[in-house]
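Fold and contact review
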Amino acid sequence: MESSELLKKVRKIEIRTRELSRQIFAGQYHSAFKGRGMAFSEVREYHYGDDVRAIDWNVTARFNHPYIKVFEEEREMTVMLLVDVSSSHLFGTRGMYKKDLLTEIAAVLAFSAISNNDKVGVIFFSDKVEKFIPPKKGTSHILRIIRELVEQQPEQKATSLSEALRYLSNAIKKRCTAFVLSDFIDTGFEEALRIARGKHDVAALQMVDRGELEVPKAGLVQLKDAETGRISLVDTSNERFRQQYRSWWENLLASQKEIFSRNAVDHKVFYTDEDYIPVLKQLFAGR
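To start, this report covers the structure provided alongside it. Bear in mind the structure is a predicted one, so any value in this text is a computation, not a measurement. (Residues numbered from 1 in each chain as written. Predicted model: local features only at pLDDT ≥ 70, side-chain atom pairs only at ≥ 80, totals over all residues. Heavy atoms only, no water.)

Right, let's get into the overall build of the chain. Per the secondary structure count, the chain includes eight helices and 10 strands. Carbon and sulfur atoms make up 50% of the accessible area of the chain, which amounts to about 15,300 Å² in all. (Helix = DSSP H or I, 4+ residues; strand = E, 2+ residues; numbered from the N terminus. Areas by Shrake-Rupley, 256 points an atom, 1.4 Å probe, with all protein chains shown as cover.)

Structural data, given as structure tokens:
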């Protein structure tokens, strides 16, 4: 992509998503994803009615008078975006490509985070971690993230959600809110998800194009798997083949829904031909 074209696209995404974040999501984001922990602030003398469980016995022994620990809610968070850059996202039959939908949603979340004074980091992944951007604050940092979202050229084409989730668990020690943005065309990631969910607040944002869900009747067609490069000649007029394809998708989506529910992971599906704003609002309101 030409440098001028890239800057124009980055600017367009920035203007649209910053406005959405400011006008629609900022307050809801703060309510849904505010800091949940309690951080130590100071010690003070014990007063009648204070919770005796908060007594600092070391300080009390030193001054021979009861003192308690004072805590305050941790408001600042770290937000991690786990962004799937595998080749299956270079697909779209209506509305926009899955990659473009994912990019806009990630940008909205990033702007919402900095509006709440949170740090934002990104893990770009295919079947390996392609790039890690450490969490930071600031508009220039968000613009760097948007540029990477637009420009990212992965070395690999396949998908491994397990690799990305394991990297999150190992790289980010303090509890964070992690948004996994992917089409989730993968299996065998539940164990890594369970471990990540034990350390962090995880939400799964799934990109789907309706053209993926059903094969149209078009006779003999060569189909190419975007991630493996495998080419197959199939008869799309064959009702049995079309039914098997539909069943595969239905089973995959049902299995994933069950995995997310079993591991208490918030899950929303975003379609390329639908407005993603109401779905994001549902995600925030549901928390």
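A word on the side chain of Thr 78. As for its placement among the helices and strands, Thr 78 is situated in strand S3 (residues 78–84). With residues up to four places along the chain from it excluded, the contact list for Thr 78 reads Lys 119, Pro 135, Cys 176 and Thr 177. (Contact = heavy atoms within 4.5 Å.)

Strand S8 (residues 220–224) sits mainly on the outside: zero of its five residues count as buried. Note: S8 against strand S9 (residues 231–235), five bridges, orientation antiparallel. When the bridges of S9 are listed, Gln 222 appears paired with Leu 233. What sits between S8 and S9 in their antiparallel hairpin is a turn of six residues, with Gly 229 showing a positive phi close to 80°. (Buried < 20%, exposed > 50% of the residue type's maximum accessible area, 1.4 Å probe, protein only. Pairing = 2+ DSSP bridges.)

Residue placement: Ser 86 occurs in the loop between S3 and helix H3 (98–115). On the basis of relative accessible area, Ser 86 is assigned to the buried category, the value being 2%. Residues in contact with Ser 86, not counting those within four places in the same chain, are Phe 125, Lys 157, Ala 158, Thr 159 and Glu 227.

This brings us to empty space enclosed by the protein. For the coordinates displayed, the defined rule picks out one cavity of 30 Å³ or more. By volume, the largest cavity is sized at about 50 Å³. Elements with a contribution of two residues or more to the lining of the largest cavity: helix H5 (161–171) and strand S7 (201–208). Counting residues per element, the lining of the largest cavity draws most heavily on S7, which supplies three residues. For the lining of the largest cavity, a count of residues per class yields 11 nonpolar, no polar and no charged. (1 Å grid on protein atoms, 1.4 Å probe; cavity = no way out; pocket = protein on both sides within 12 Å on 5 of 7 lines; lining within 4 Å. Points joined across faces, edges and corners; volume = space filled by probe spheres on them. Nonpolar A, V, L, I, M, F, W, Y, C, P; charged D, E, K, R; others polar.)

Before going further, it helps to spend a moment on helix H6 (residues 190–199). Residues of H6 that are buried: Ala 192, Leu 193 and Ala 196. Down the axis, H6 shows its buried residues gathered within 100° of arc, on one side only. Along its buried surface, H6 packs onto H5, S7 and helix H7 (239–262). (Arc of directions from axis to C-beta.)

Our next topic: the nonpolar core. Counting residues in each nonpolar core, the largest one holds 41 residues, and the members touching the most others are Leu 81, Ile 105, Leu 181 and Leu 205. The set of elements that each furnish at least two residues to this core consists of helix H1 (3–33), S3, H3, strand S4 (119–125), helix H4 (139–151), strand S6 (177–182), S7 and helix H8 (277–285). In this structure, Leu 82, Ile 172, Ala 192 and Leu 193 belong to the second largest nonpolar core, which totals 22 residues. (Core = buried A, V, L, I, M, F, W, Y, C linked by side-chain atoms within 4.5 Å.)

Time to look at the packing of aromatic side chains. For the structure shown, the criterion picks out six aromatic pairs. Aromatic side chains Phe 63 and Tyr 67 sit 5.6 Å apart centroid to centroid with 45° between the ring planes, which places their arrangement in the tilted category. Ring geometry for Phe 184 and Phe 189: centres 6.2 Å apart, planes at 50°, overall tilted. Each of the two residues, Phe 184 as well as Phe 189, counts as buried. For Arg 210, the ring lying beneath its charged end belongs to Tyr 271, and the centroid distance is 3.9 Å. (Phe/Tyr/Trp six-rings, centres within 6.5 Å; stacked < 30°, edge-to-face > 60°. Lys NZ or Arg CZ within 6 Å of the ring centre and 35° of its normal.)

Next up on the list: the sheet that holds S6. One open sheet holds the six strands; their spatial order is S5-S4-S3-S6-S7-S10, and the pairing between them is mixed. With partners counted over all chains shown, the strands left at the sheet margins are strand S5 (129–136) and strand S10 (266–271), one partner each. Averaged over all pairs of adjacent strands, the angle between strand axes in this sheet comes to 15°, irrespective of strand direction. Taken together, the five bridges between S3 and S6 define a ladder with parallel strand orientation. Across the sheet, Leu 82 pairs through a bridge with Val 180, a residue of S6. Along the sheet, H4 contacts S3, S4 and S5; its crossing angle with S5, the most-contacted strand, is approximately 165°. (Axes fitted to C-alpha atoms, helices over the stretch in contact; angles between N-to-C directions.)

In short, geometric facts, not functional conclusions.
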